[in-house]
Amino acid sequence: WEDRYRHVIEMGRAMPPLDDTLKVAATKVDGCASQVWIVPKINGAGPQAVLDFDGESDAMIVNGLIAILKVLYAGNTVEDALKIDALAAFARLGLDQHLSAQRSNGLRAMIERLRAVSRAANLT
């Protein structure tokens, strides 16, 4: 677990930081113990629009979780993004067992934000 934990943190450190102007109420993810911002980017329209996003947290481990979510979601159509079972992916990685209840709730909130963005874009 310690090796995985370090790897997740390193993944987060490798992500570019968000511009401070993007850290606003509209991009903040509620339900996280730490500060988390997700800035979605939708390319195209309708079900075949492609999802991408930038994100950042003030917690190193959460930055790593955001990096994993980018691997899972970024580059998928919004239609395909809605089919992703991110919690199952975290379970396969063995990360679900080592996150505190607060971190797990925050992870669910980040996933729900990405799903909500995908649902909204899927309808346009």
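Above this note sits the structure.
Below, the structure is looked at part by part. (Residues numbered from 1 in each chain as written. Predicted model: local features only at pLDDT ≥ 70, side-chain atom pairs only at ≥ 80, totals over all residues. Heavy atoms only, no water.)

## Description of the pairing of strand 2 (residues 50-57)
Strand direction decides the pairing type here: strand 1 (residues 36-43) and strand 2, joined by 8 bridges, are antiparallel. Paired with I38 across the bridge in strand 2 is G55. Remark: 6 residues form the turn of the hairpin made by strand 1 and strand 2, two consecutive strands paired antiparallel; G44 in that turn has positive phi of roughly 105°. (Pairing = 2+ DSSP bridges. Helix = DSSP H or I, 4+ residues; strand = E, 2+ residues; numbered from the N terminus.)

## Side note on the nonpolar core
Formed by 33 residues in total, the largest nonpolar core has its most connected members in V36, L69, Y73 and M110. Listing elements by their share of this core, those giving two or more residues are helix 1 (2-14), strand 1, strand 2, helix 2 (60-73), helix 3 (78-81), helix 4 (86-92) and helix 5 (101-123). No other element matches the 8 residues that helix 2 contributes to this core. (Core = buried A, V, L, I, M, F, W, Y, C linked by side-chain atoms within 4.5 Å. Buried < 20%, exposed > 50% of the residue type's maximum accessible area, 1.4 Å probe, protein only.)

## Brief notes about the environment of A33
Structurally, A33 is set in the loop between helix 1 and strand 1. Apart from residues no more than four positions distant in its own chain, A33 is found in contact with Q102 and R103. (Contact = heavy atoms within 4.5 Å.)

## Examining the pattern of salt bridges
A pair can form between side chains of opposite charge whenever their charged atoms are brought close. Counted by the stated rule, this structure contains 9 salt bridges. Here K23 ties to D20 by a salt bridge, and the two come within 3.4 Å at their closest N and O atoms. Looking at D20, the relative accessible area reads 59%, which means it is exposed. With a shortest N-O distance of 3.8 Å, K83 and D80 are connected by a salt bridge. Looking at K83, the relative accessible area reads 62%, which means it is exposed. The class for D80 is partly exposed, based on a relative accessible area of 33%. (Salt bridge = Lys/Arg side-chain N within 4 Å of Asp/Glu carboxyl O.)

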